[in-house]
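The lines below spell out each chain.
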Protein chains: 2
Amino acid sequence: MRKKGMSRRDLLGMVGLSAVSAATGAASPAFAPGTRAAAAEAPKVPWPYQPLNPEDVRKRGHQAFYEGDCMYGAFGAVITALRDKVGTPYDGFPLDMMRYGKGGLSGWGSLCGALNGASAAICLVAGEDFTKLVPELAGWYTQASLPSEASNNYAKNHQFRVKKYKSDKVLAGSVSGSTLCHASVTNWCKASGYASGSPERAERCARLAGDVAARAVELLNAHHAQQFKAAFVTPAAVQVCQACHSMGTDFKKGQFTQGRENCMLCHKPHKI
Amino acid sequence: MRKKGMSRRDLLGMVGLSAVSAATGAASPAFAPGTRAAAAEAPKVPWPYQPLNPEDVRKRGHQAFYEGDCMYGAFGAVITALRDKVGTPYDGFPLDMMRYGKGGLSGWGSLCGALNGASAAICLVAGEDFTKLVPELAGWYTQASLPSEASNNYAKNHQFRVKKYKSDKVLAGSVSGSTLCHASVTNWCKASGYASGSPERAERCARLAGDVAARAVELLNAHHAQQFKAAFVTPAAVQVCQACHSMGTDFKKGQFTQGRENCMLCHKPHKI
């Protein structure tokens, strides 16, 4: 299976590079320094992108949730769509490694796994422009009513079904106000009346994984067409906080923090 | 460079599989179903592991932060160490895709990027046992004083230096109490007196990336030796909350949420 006199490493590196060159039209440069020895063999970021159908990706995310939970679902939705459309190098990605993000980091209720996974896909595809696209996705996530009407509709109508979902009901939408799994799940449970361990909550997160993947693809399509424009605006109340409490070099002013979440979810406003 | 009559996809698949088989001793099975068509070509999770030196990984994480920030730093520390020790398939991983987690998801202040990256490395290496190791890493992260004495010492002594760091000072340690970048950075700034935009804060996060990667490797070494035991215990005050507010099917009892963070960081206790 391999040419005599060449090491396994030589052969893999050679074939890997030729395959990536063929897929991209040229060996694409790394978007920043630092991969050192690995740079000679790893397919470089950004990986080649072709516009995808958000509705197809929405359904892939929904179904993939049932294979590997939320982070795997959202990441896998984008990557399997690209695998089917582009092929190499997407067919070589170890999708299973993205299972860890479920339930906000293996059940900790921290960052929503769907948002984590979709953001990873964006960075793989958009390279350094993740700095524009991921914050936009995160901002959208905090303000969108999820699950969406689109994911409710296809689940209700049994379209694209390959297995039995935990619920076919139309489910209430809720706004997370935060990137956190904990806040997202709690707000949805309170809006819907379903408990966190209910089949309906699991199905809600499956649809949400599809919705977040679909939104990521809308952003990636716009980016690919050089038409991406950031739309998220930090809420006015948060802008008031950030006037003092933001990333900066003046400790006394209050610049001992950083982030873009809605401060009022955990802090009370104080007099200025 | 390639055999006539074979497609690029055929060739890459063939070489990829033979290389993985050689590295692992046999084609390792996927730890769960669902990768479908890709399963024929992607190196399966878990990837082969060999025990690593936590101190070497700590230094790699510290330095890699300066190449790609916190998530890239912690993930890259483990993966480049395995690349140098194991080789394939680690030399084919697109490390740059992990840049998105910086600053708690591209600056949002959500999940600490170092914790996100180290958890991704754990899942790639430990497969389904991430469900034991990642929560342990997260629990440790919330209670450890960081940066550690170890990372302070080598930075102070200019060991393993390949570039100028932003600070050589011994830096104060602080406990995050949370998996969140926002809380972790704020607590450290208040403990140290440095602003969030200071060179010292950036250097603190570089050392922290190394510390989290080193801790992940300690857990992976123990797991590899079949000696891993979970040590993290949920704080007693949080256990009181979780008696009602946890993942479950009884909405009226208060089971409309999920997660393992310290509730009191955002919520006030109420009468039971």
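Cut-offs used in this document
- Residues numbered from 1 in each chain as written.
- Chains lettered and ligands numbered in written order.
- Predicted model: local features only at pLDDT ≥ 70, side-chain atom pairs only at ≥ 80, totals over all residues.
- Helix = DSSP H or I, 4+ residues; strand = E, 2+ residues; numbered from the N terminus.
- Buried ≥ 20, exposed ≤ 12 C-beta atoms within 10 Å, placed from the backbone.
- Contact = placed C-beta atoms within 7 Å.
- Axes fitted to C-alpha atoms, helices over the stretch in contact; angles between N-to-C directions.
- Parallel < 35°, antiparallel > 145°, perpendicular 65-115°, else oblique.
- Left-handed = near helix turned anticlockwise from the far one by under 90°.
- Nonpolar A, V, L, I, M, F, W, Y, C, P; charged D, E, K, R; others polar.
- Arc of directions from axis to C-beta.
- Domains from an automatic or database assignment.
- Core = buried A, V, L, I, M, F, W, Y, C linked by C-beta atoms within 7 Å.
- pLDDT = per-residue confidence, 0-100.
- Expected span 1.5 Å × (residues − 1).

Colleague: I tried to follow the overall build of chain A on my own but got confused; where do I start?
Modeller: Across its full length, chain A holds 8 helices and 2 strands. Counting from the amino terminus, helix and strand elements in chain A follow one another as α-α-α-α-β-α-β-α-α-α. In chain A, which comprises 272 residues, the proportion classed as buried is 51%. Long-range pairs, those at least 24 residues apart, make up 67% of the contacts in chain A with a sequence separation of at least 6.

Colleague: Is there a simple way to explain the packing of helix H3 (residues 113-126) of chain B against helix H7 (residues 199-224) of chain B in this structure?
Modeller: For any two helices packed against each other, one specifies the crossing angle of their axes together with the interaxial distance. Residues and elements named next belong to chain B. Taken N-terminus to C-terminus, the directions of H3 and H7 make an angle of 25°; their axes are 9 Å apart at the nearest point. Between H3 and H7, the angle is such that the two are roughly parallel. Once H3 is placed against H7, the crossing between them reads as right-handed. Two secondary-structure elements touch here, H3 through Ala 114, Leu 115, Ala 118, Ala 121, Ile 122, Val 125 and Ala 126 and H7 through Leu 208, Ala 209, Val 212, Ala 213, Ala 216, Leu 220 and His 223. Residues that form the contact of H3 with H7 fall into these classes: 13 nonpolar, 1 polar and no charged.

Colleague: Looking at this structure, I do not really get helix H5 (residues 149-156) of chain B. What am I missing?
Modeller: Because the α-helix completes a turn every 3.6 residues, residues three or four places apart line up on one side. All names here are of chain B. Those residues of H5 not exposed but buried are Ser 151, Asn 152 and Ala 155. All buried residues of H5 lie within an arc of 105° about the axis, which places them on one face of the element. Opposite the buried face of H5, at more than 90 degrees from it, the exposed residues are Glu 149 and Asn 153. Along its buried surface, H5 packs onto helix H2 (54-85) and H7.

Colleague: Explain the domain arrangement of chain A here, please?
Modeller: By a frequent convention, interface size equals the accessible area lost on bringing the separate parts together. All names here are of chain A. Once the domains are mapped, chain A shows domain 1 (54-224) and domain 2 (236-265). If you average the C-alpha positions of domain 1 and of domain 2, the two centres end up 29 Å apart. Across the side of domain 1 that touches domain 2, the residue classes tally to 2 nonpolar, 3 polar and no charged.

Colleague: Honestly, the nonpolar core in this entry has me stumped. Any pointers?
Modeller: One broad trend across soluble globular proteins is that nonpolar side chains are buried collectively. Ranked by size, the top nonpolar core spans 128 residues in total, and within it Val78(A), Ala118(A), Ile122(A), Val78(B), Ala118(B) and Ile122(B) carry the most contacts. When sequence neighbours within four positions are dropped, the list of residues in contact with Ala118(A) reads Ala74(A), Phe75(A), Val78(A), Leu137(A), Val212(A), Ala213(A) and Ala216(A).

Colleague: Explanation requested: the environment of Trp140(A) in the structure shown.
Modeller: All names here are of chain A. Along the chain, Trp 140 turns up in helix H4 (residues 130-143). In this structure the C-alpha to C-alpha distance between Trp 140 and Phe 251, which are 111 residues apart in sequence, comes to 30 Å. Not counting chain neighbours up to four residues away, the residues in contact with Trp 140 comprise Arg 215 and Phe 232.

Colleague: Honestly, the packing of helix H2 (residues 54-85) of chain A against helix H3 (residues 113-126) of chain A in this entry has me stumped. Any pointers?
Modeller: Residue and element names in this part refer to chain A. It is at 6 Å that the axes of H2 and H3 come closest, and there the two elements cross at 30°. Regarding the angle of H2 to H3, the classification is roughly parallel. Where H2 crosses over H3, the handedness of that crossing is right-handed. The segment H2 lies against H3, with Asp 69, Cys 70, Met 71, Tyr 72, Gly 73, Ala 74, Phe 75, Val 78 and Ile 79 engaging Gly 113, Ala 114, Asn 116, Gly 117, Ala 118, Ala 120 and Ala 121. Within the contact of H2 with H3, the residues separate by chemical class into 11 nonpolar, 4 polar and 1 charged.

Colleague: What is the right way to look at the confidence of the model for chain A in this model?
Modeller: As a general rule, the predicted coordinates of low-pLDDT regions are not to be interpreted in detail. All names here are of chain A. When pLDDT is averaged along chain A, the result is 86; 82% of the residues meet or exceed 70. Confidence over residues 1-40 falls short of pLDDT 50; this stretch has 71 contacts with residues more than four positions distant or in other chains. Scored by ipTM, the complex comes to 0.86, with pTM at 0.86.

Colleague: Please explain unusual backbone geometry as it appears in this structure.
Modeller: Negative phi characterises most residues that are not glycine, and trans characterises most peptide bonds. With an omega of 5°, the peptide bond running from Val45(B) to Pro46(B) counts as cis. In this structure, Pro46(B) sits in the loop between helix H1 (8-24) and H2. Of note, the amide linkage connecting Leu146(B) to Pro147(B) takes the cis form, showing an omega dihedral of 0°. Even without glycine at this site, Asp69(A) takes up a positive phi of about 75°. Here Asp69(A) falls in the buried class, since 24 other C-beta atoms lie within 10 Å of it.

Colleague: Whenever I open this one, H3(B) confuses me. Can you help?
Modeller: Residue and element names in this part refer to chain B. The end-to-end C-alpha distance of H3 is 20 Å, a good match for the 20 Å that 14 residues give at a rise of 1.5 Å each. The buried fraction of H3 is high, at 14 of 14 residues. In the segment just after H3, Gly 127 is the residue with positive phi, at about 60°.

Colleague: Got a minute to help me understand the environment of Lys229(B) in this structure?
Modeller: Residue and element names in this part refer to chain B. Summarising the element assignment, Lys 229 is placed in the loop between H7 and helix H8 (236-242). Lys 229 gets classed as exposed once you count the C-beta atoms within 10 Å, which come to 7. Taking C-alpha positions, Lys 229 is 23 Å from Ala 209, a pair spaced 20 residues apart along the chain.

Colleague: Would you explain the environment of Gly210(A) in this entry?
Modeller: All names here are of chain A. With respect to the helices and strands, Gly 210 occurs in helix H7 (residues 199-224). Judged by local crowding, Gly 210 falls into the buried class, with 32 C-beta atoms found within 10 Å. Setting aside chain neighbours within four positions, we find Gly 210 in contact with Arg 58, Lys 59, Gly 61, His 62, Ala 77 and Ser 151.

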